[in-house]
Amino acid sequence: MAAAPDPEPRNPGARADPGARTDPAGAPGARADPAADADRDPDPGPGPAPLTVPSLSAGAGFVLRPWEMSDLPLVREASLDPYIPLITTVPATYSEAAAEAFVRRQWERAATGAGYPFAIVRSRDRRPVGAIGLWLRELPAGRASLGYWLVPSARGQGIASAALRTVTGWALHDLGIPRLQLCVEPWNTASARIAEKSGFRREGLLRGWQQVGDQRRDMVVYGLLNTDGSVDGRAATAN
């Protein structure tokens, strides 16, 4: 299955997330920690700058672009998948209002500097078939996380691999991020292959790492450094 759990907080209707904010399929920021109020800097300064999500070519047949309200049919199809609503904020029960709220959350993530949410769109008919996000919550530490999913009708065609290679190359070269990482459940061999084909290296098993549905699940972590060699034909090291 071409779906890697979103590293940001998930769908509040699909699971309880005790440690981070309940909004995003790549949510814009951590939930406020009530225990941290006494230590809060009284003048934290400006927050992250708003981001502009670009359009990127993902090979000959697909483009990555910002989310649009015209993408509601994609949200509808994704909501019918048994797994996608568990690992993202795609609504488990579709309604137009819930789908519109999902799209607005993607806009909010860029506006708050949380990351870059992309819709994956087929060029020939402009049909959206999935999503990929680059999330910057840990960018001050020199790393960023990725998550991606495709609706069932688009799987097995190399689309997720093309999208991941595109975002990975852009993040390493154009944005200059030193480290990228993503997590995949151990059973999800399809997503693991996609990560490995894009240059990510398996680094270890994180036991009980993430809440998925009503269970704590193990996750395999994959990492890619900008010194690791080539990504999609380009040297990963930025000169």
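Refer to the structure above for everything that follows.
1. Notes on the nonpolar core
- L134 and W149 are the most contacted members of the largest nonpolar core, which has 53 residues in total.
- A total of nine residues in this core trace back to one element, the largest contributor, which is helix α4 (residues 159–174).
- Residues within four places of L134 in sequence aside, it is in contact with G115, Y116, A144, S145, L146, V167, W170, A171, L175, I177 and L180.
- Counting residues in each nonpolar core, the second largest holds six residues, with Y83, I87, C183 and V212 among its members.

2. Some points on helix α5 (residues 189–197)
- Within α5, burial applies to A190, S191, A192, I194 and A195.
- Phi for G199, located one or two positions after α5, is positive at around 100°.

3. With respect to the pattern of salt bridges
- Counted by the stated rule, this structure contains nine salt bridges.
- For the salt bridge of R143 with E138, the shortest nitrogen-to-oxygen distance reads 3.3 Å.
- Take E138: its relative accessible area is 27%, and that puts it in the partly exposed class.
- Measuring nitrogen to oxygen at the nearest pair gives 2.8 Å for the salt bridge that ties E185 to R217. Remark: R217 occurs in strand β9 (residues 215–225) and E185 occurs in the loop between β7 (179–184) and α5; sequence separation between them is 32 residues.
- Residue classification places E185 among the buried residues on the basis of a relative accessible area of 4%.
- Relative accessible area serves as the criterion here: at 21%, R217 is assigned to the partly exposed category.
- Beyond isolated ion pairs, a larger network of salt bridges with shared partners links R65, E68 and D71.

4. Points about the pairing of strand β6 (residues 143–150)
- Among the eight residues of β6, seven are classified as buried, and the element is accordingly described as predominantly covered.
- The sheet contact formed by strand β5 (residues 127–135) and β6 spans six bridges and is antiparallel. Note that in β6 the partner of G130 across the bridge is L150.
- Where β6 and β7 come together, three bridges link them in parallel fashion. Looking at β7, one finds that A144 is bridged to L180.
- The parallel pair β6 and β7, bridged by α4, forms a crossover whose chirality is right-handed.

5. Focus on the packing of α4 against α5
- Here α4 crosses α5 at 40°, and the two axes come no closer than 9 Å. With respect to their mutual orientation, α4 and α5 come out oblique. For the pair α4 and α5, the sense of crossing is right-handed. Of the residues in α5, those in contact with A160, S161, L164 and R165 of α4 are I194, A195 and K197.

6. Some points on the packing of aromatic side chains
- Applying the stated criterion to the full structure yields five aromatic pairs.
- Relative to W170, the ring of Y116 lies with its centre 4.8 Å away and its plane at 85°, an arrangement referred to as edge-to-face. In this pair, Y116 is assigned in strand β4 (residues 115–122) and W170 in helix α4, connecting sequence segments 54 residues apart. There is no split in this pair, since Y116 and W170 are both buried.
- Within the aromatic cluster, the residues linked to one another by ring pairs are W67, F102 and W149.

7. A word on the side chain of D81
- Along the chain, D81 falls in the loop between α1 (72–79) and α2 (84–87).
- Overall, D81 belongs to the buried group, its relative accessible area being 6%.
- Within the structure, the side chain of D81 is placed 3.1 Å from the side chain of R155, a separation counted as a polar contact.

8. Focus on the pairing of β4
- Of all eight residues making up β4, eight are buried, and the element is well covered by its neighbours.
- Side chains G115, P117, A119 and V121 project from β4 onto one buried face, and the interleaved Y116, F118, I120 and R122 project onto a second face that is buried too.
- Pairing analysis gives four bridges linking strand β3 (residues 62–65) to β4, with the strands arranged antiparallel. Within β4, the residue paired with F62 across the bridge is R122.
- Here β4 runs beside β5; their pairing, made up of eight bridges, is antiparallel. Looking at the pairing, V121 lines up with P128 of β5.
- Hairpin connection from β4 to β5: four residues lie between these consecutive antiparallel strands, with R126 at a positive phi of about 60°.

Conventions and cut-offs
- Residues numbered from 1 in each chain as written.
- Predicted model: local features only at pLDDT ≥ 70, side-chain atom pairs only at ≥ 80, totals over all residues.
- Heavy atoms only, no water.
- Core = buried A, V, L, I, M, F, W, Y, C linked by side-chain atoms within 4.5 Å.
- Buried < 20%, exposed > 50% of the residue type's maximum accessible area, 1.4 Å probe, protein only.
- Helix = DSSP H or I, 4+ residues; strand = E, 2+ residues; numbered from the N terminus.
- Contact = heavy atoms within 4.5 Å.
- Salt bridge = Lys/Arg side-chain N within 4 Å of Asp/Glu carboxyl O.
- Pairing = 2+ DSSP bridges.
- Right-handed = clockwise from strand over helix to strand, strands pointing away.
- Axes fitted to C-alpha atoms, helices over the stretch in contact; angles between N-to-C directions.
- Parallel < 35°, antiparallel > 145°, perpendicular 65-115°, else oblique.
- Left-handed = near helix turned anticlockwise from the far one by under 90°.
- Phe/Tyr/Trp six-rings, centres within 6.5 Å; stacked < 30°, edge-to-face > 60°.
- Polar contact = N/O pair within 3.5 Å; in protein donor to acceptor, adjacent residues only side chain to side chain.

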